[in-house]
There are 2 protein chains.
Amino acid sequence: MTSEPPVPAKRSRRSSGAVTLHDVARLAGVAPITASRALNTPAQVSPEVLKKVQEAVARTGYVPNRLAGGLASTRSRLVALVVPTVSGPVFLDTIQALTETLDAAGYQLMVGQAGYEGRREDALLEAIIGRRPDGIVLTGILHSDASRRRLLASGIPVVETWDLTPTPLDMLVGFSHQAVGEAVARYLHGRGRRRLATLSGDDPRAQQRAAAFARAAQALGLPPVRAHVVPAPTTLQAGRGALAALMPGLAGQGAGAADAVDAVFCSSDLLALGLLTEARVQGLDVPADLAVVGFGNLEMAAQAAPAISSVNINGAGIGEQAARFLIARAEGQAVAERVVDIGFELIERQSS
Amino acid sequence: MTSEPPVPAKRSRRSSGAVTLHDVARLAGVAPITASRALNTPAQVSPEVLKKVQEAVARTGYVPNRLAGGLASTRSRLVALVVPTVSGPVFLDTIQALTETLDAAGYQLMVGQAGYEGRREDALLEAIIGRRPDGIVLTGILHSDASRRRLLASGIPVVETWDLTPTPLDMLVGFSHQAVGEAVARYLHGRGRRRLATLSGDDPRAQQRAAAFARAAQALGLPPVRAHVVPAPTTLQAGRGALAALMPGLAGQGAGAADAVDAVFCSSDLLALGLLTEARVQGLDVPADLAVVGFGNLEMAAQAAPAISSVNINGAGIGEQAARFLIARAEGQAVAERVVDIGFELIERQSS
DNA sequence: CTGAAAGCGCTAACAC
DNA sequence: GTGTTAGCGCTTTCAG
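Residues numbered from 1 in each chain as written. Chains lettered and ligands numbered in written order. Predicted model: local features only at pLDDT ≥ 70, side-chain atom pairs only at ≥ 80, totals over all residues. Heavy atoms only, no water.

1. Notes on the overall build of chain A
1) Next: Counting its regular elements, chain A contains 14 helices and 12 strands.
2) Next: Projected onto its principal axes, the C-alpha coordinates of chain A cover approximately 95 × 40 × 40 Å.
3) Next: Classification of the 352 residues of chain A by burial places 51% in the buried group.
4) Next: Residue pairs in contact within chain A that sit at least 24 positions apart in sequence constitute 71% of those at least 6 positions apart.
5) Next: Only carbon and sulfur atoms are counted for the fraction: they give 53% of the accessible area of chain A, which is about 15800 Å².
6) Next: The centroid of the 34 positive side-chain charges in chain A is displaced by 8 Å from the centroid of its 32 negative side-chain charges. (Helix = DSSP H or I, 4+ residues; strand = E, 2+ residues; numbered from the N terminus. Buried < 20%, exposed > 50% of the residue type's maximum accessible area, 1.4 Å probe, protein only. Contact = heavy atoms within 4.5 Å. Areas by Shrake-Rupley, 256 points an atom, 1.4 Å probe, with all protein chains shown as cover. Lys, Arg positive; Asp, Glu negative; His and termini not counted. Charge placed at Lys NZ, Arg CZ, Asp CG, Glu CD.)

Below is the structure:
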C-alpha cells in the first residue's frame, strides 16, 4: 500500500475525490494523454498500452468526467429536447426513438418543457444553451421570435419536428398539417359524409389541420364545417363534453335530423375516443349516425370498439431522423438534405 | 518570467467562439471573478458593479457555460432520471413534476431508458455517472446487483421511486405494492365478489401486487385467485385478449356459470380498459357480470363508460418529493427522513 | 467588497 | 506511437 504523507497536502483544492484519468495513467505507467487515446481512439495506441490502460480502468472503476471532456473538446455529447409538456402521449414515440438513437451513438438526452403558454421559454432556452448541447430538438413551436433568434445566434444545430414550416430555423423533420386536413376531408366526403365538423385543441398545428379541413370541405361543395375548439392539451373529458356542443339537437330529437353533423375530425385520438364514448352513452350509433376520425393513431384508437380511424404519424421515425441529423452534424458531416417530410397515413377503421 | 516571443500568440487553441465571462468582465471594467459574483451571488457586490455587469451581459448576450461551471464547482446542476421506457404513460406525471420542480431550482433533467430487460443497464449507468449529475432518480428497478453497487460507489445521491424496498440504496419515495394488493382484495370481497382473478404485467411490482392480492383473498376464505400474466409493458390489446383466458366458458354458456370469475384486478388501467372493451363486445355486463379494477388512475379510467375503479398513485407527488430530496442534498442540507411512503387511494367507480 | 492565482479533469496542438 | 504543453471557461482559495 502507499505510504501516507506525514503532512497533509498544503493548499490543494478540494478535488471531487473521484478517480481521474491521471490516476489511471499513473497506474498504467503512461502519460495521461496516452490513456485518453487508449480510451477514445484505441487504434492510435499499441496493443500493450491499450491492455495496461484497460486493466487500470477496470481496477480503479474509472468513469471519465464528461463535463471536463466536453469543456476541453467543445463537444458535450448532450442533446436537448424541448416539448410543450412531457405528459402528452403524442410525442412519446418520438422521445423514445430519440433517446435510443442518441444513446447508441453515445449521446445523452436532456428534456425541457416549454409549456403551451410559453412564459418560461426564455429561461428554458438559457438553461439549455448554457449546457452547450451538440444539438437541440424542438417539438411544437417556439413561441417568441426573440427565442428563435437567440437559438440561431447560439450556433447550436437545431431540428424542428412535427411540422413543415416554410422557413425552417435549420433542419426539419415533419409533415404537412395542411395536407392532413385536406386528406381527411376528401376521405369523409368520399364516404358519403356531408355535414362535417372538427373538434380540435387550440394549439397552432391542430388549428392548421382544422382550417385546411374546412377549406377542403368547402372546395368540395359541402356546407360550412362546424368547428369546436378546446384548450390544449386535449383530454378524453373534453371529447366527451364536446358531443353536446357538436350535436345540440341530440337530446330532443335523436340523431338523424337533416342538418345533424354526420362526421367529426378530431385533433387527437383522446378527443375521438371521448367523443365515441359519449356517443355510445347517448345511444348514438358510430359509424351509422356519426363518423369519427382521430389523429395520432395511438393504441387506444385501434383497440377501441368500434375501432377508431386515425391519422398515423411515424413518431419514432421523426425521432430517429432528428437524432441522425444531429449526430451527423456533430461529427462534422455535411447534411445534404435538411428537410424531411415524413408524411402521414390515414388508417381506416370501423368508426368511419 | 519566460521570455516572450516577439510575435503574438499564434498557437492559440480554437476557442468555442462564444462570449465568455472574461468578455463580460472586460466590458464591465471588472475582474472576471467579480463578474462571476455579480451573476451568482449579487448580494456580495456593489450596486454599481452589479449594474455594469448586467448591462454587459445584456449587450453581449452572454450565456454562462455550465460545463465549465460544473467542472470548477463540482456541481453540475443536472439530475438524471432512469425509466424502464419513456413511452409507458405510468411515469409521465412523475417526470413532469420532476422536470418542473428541478427547473424551478435551476436544475436540468437528463433521461435514460433502462428497458425492461436491463441489458444496456451498465452502459447507461456509465453514461450517467460520467456527467456527474447532482442526483439520480430511479423509477422501477435496477436489475443487476453490480449496478446497484456501482451507483452507490459513485457517491451520487439516489432516490428510488414507485416502490418501498426494504433496503433502500439511499433515499426513497414510494408506496407499498403489497398494501395495494391487499386493499383491493378486501374491497372486492366487501362488494360481494367471490371468484377473483388478476391480470398483470410481468414486471416485479405488478407481480408483487398480484401476489399480495391472492394471499389476501385466501386469508378471506375465497377460492384460489386465477392469475393471468402478460408481458410488460402492458397494452390495451393484451387486456382485450386476456378476457378469453380469464373466462374460458364465455363462448359456450354465457356469463353466470357458477365458477365464473366475477372480479378482476388489473395491473394497469390499460389492461382494465382493454378488458372492459372486450367484455362489452362479448355482451358481458360490467359490473353486473364482472367487476374490473385498474391501477394508475389514468384519465382513461375515469372517462371510460362505465367508469373504471382504479388505484390512484400520486405520481406528481412522487416526482416533486424526489426533486426536493435531491435539491436539498445538493445544497448540502441534511435530509432527516430519507424514506417517504406516499400511499395510494382506491377510487371506486361504476366498474365495480 | 474586490482581485490574483491556481486548478477542476480533460483534450487539441504540436513535438519527438 | 507517445509525450509535452497549454489551455477549455469557470470557481475556489487566499489576500487585501
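2. Notes on helix 4 (residues 66-73) of chain A
1) Next: N-cap assignment for helix 4 of chain A: the residue whose side-chain oxygen lies 2.8 Å from the backbone N of Leu67(A) is Asn65(A).
2) Next: Among the residues trailing helix 4 of chain A, Thr74(A) stands out with phi positive, at a value near 50 degrees. (Polar contact = N/O pair within 3.5 Å; in protein donor to acceptor, adjacent residues only side chain to side chain.)

3. Here's the deal with the interface of chain A and chain B
1) Next: Listed as interface residues are 56 residues of chain A and, on the opposing side, 56 residues of chain B.
2) Next: Here chain A packs against chain B, burying approximately 5100 Å² in sum over the two surfaces, 53% of which is carbon and sulfur.
3) Next: Scanning the region where chain A abuts chain B turns up 2 salt bridges.
4) Next: Ionic pairing is found between Arg120(B) and Asp103(A), a salt bridge with its closest N-O pair at 3.1 Å.
5) Next: Run the count over chain A and chain B and you get 26 residue pairs in polar contact (both at pLDDT 80 or more).
6) Next: Along the lines of polarity and charge, the residues of the side of chain A that touches chain B split into 23 nonpolar, 18 polar and 15 charged.
7) Next: Examined bridge by bridge, strand 2 (residues 108-113) of chain A and strand 2 (residues 108-113) of chain B share 3 bridges and lie antiparallel to one another. In the sheet register, Met110(A) faces strand 2 of chain B, and the bridge partner there is Met110(B). (Buried area = accessible area lost by both parts, 1.4 Å probe. Salt bridge = Lys/Arg side-chain N within 4 Å of Asp/Glu carboxyl O. Nonpolar A, V, L, I, M, F, W, Y, C, P; charged D, E, K, R; others polar. Pairing = 2+ DSSP bridges.)

4. Details of the protein's contact with DNA strand C
1) Next: Taken together, 29 residues surround DNA strand C, and among them Leu21(A), Ser36(A), Tyr62(A), Thr34(B) and Arg37(B) come closest.
2) Next: Here, DNA strand C places atoms within 4 Å of the protein, and 63% of those atoms are sugar or phosphate.
3) Next: In this structure, a phosphate oxygen belonging to DNA strand C sits 2.6 Å away from a side-chain N or O atom of Ser36(A).
4) Next: A distance of 2.4 Å separates a phosphate oxygen of DNA strand C from a polar atom in the side chain of Tyr62(A).
5) Next: At the level of secondary structure, the elements contributing two or more residues to the surface near DNA strand C comprise helix 2 (32-40) and helix 4 of chain A together with helix 2 (32-40) and helix 4 (66-73) of chain B. (Near = heavy atom within 4 Å.)

5. Overview of the domain arrangement of chain A
1) Next: On domain assignment, one finds that chain A holds domain 1 (1-64), domain 2 (78-175 + 316-343) and domain 3 (177-312).
2) Next: Distance between the C-alpha centres of domain 1 of chain A and domain 2 of chain A: 37 Å. (Domains from an automatic or database assignment.)

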